[in-house]
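Secondary and tertiary structure notes
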Amino acid sequence: MATFIITFCFIAFVIAAMAIGVIMGKKPITGSCGGMSALGMETACDICGGDQEICDDENERIASLAKTELAYDATKK
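The present account deals with the structure reproduced in this document. All figures in this text were calculated on a predicted structure; none of them were measured in a lab. (Residues numbered from 1 in each chain as written. Predicted model: local features only at pLDDT ≥ 70, side-chain atom pairs only at ≥ 80, totals over all residues. Heavy atoms only, no water.)

Structural notes on the overall build of the chain
- Within the chain one finds two helices and zero strands.
- Counting all 77 residues of the chain, 3% fall into the buried class.
- Put simply, the chain shows about 7,400 Å² of open surface, and 67% of that area lies on carbon and sulfur atoms. (Helix = DSSP H or I, 4+ residues; strand = E, 2+ residues; numbered from the N terminus. Buried < 20%, exposed > 50% of the residue type's maximum accessible area, 1.4 Å probe, protein only. Areas by Shrake-Rupley, 256 points an atom, 1.4 Å probe, with all protein chains shown as cover.)

Quick notes on a negative patch on the surface
- Together, E53, D56, D57 and E60 give the surface a local cluster of negative charge.
- Mapped onto the elements of the fold, D57 is located in helix α2 (residues 52-66).
- Residue classification places D57 among the partly exposed residues on the basis of a relative accessible area of 45%. (Patch = residues over 30% accessible without salt bridge, like charges linked within 9 Å, V, L, I, M, F, W, Y side chains within 5 Å. Salt bridge = Lys/Arg side-chain N within 4 Å of Asp/Glu carboxyl O. Lys, Arg positive; Asp, Glu negative; His and termini not counted. Charge placed at Lys NZ, Arg CZ, Asp CG, Glu CD.)

Structure, rendered in structure tokens:
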């Protein structure tokens, strides 16, 4: 139980320190440093070409593929 309490306190301290750092820094939280802009590419991706409708359609297609069943109940005949 002591390990749990120590771990919880440490994580709470880290979260509080990060929050104070953001408040004191006066800098808004930004996205990750990865992506196409990190590579110097200020263009849209190859999939959508800058058209948000194509991106939405592609995301819906991927989501519908994820909904298909990948397993079956072997106990049922």
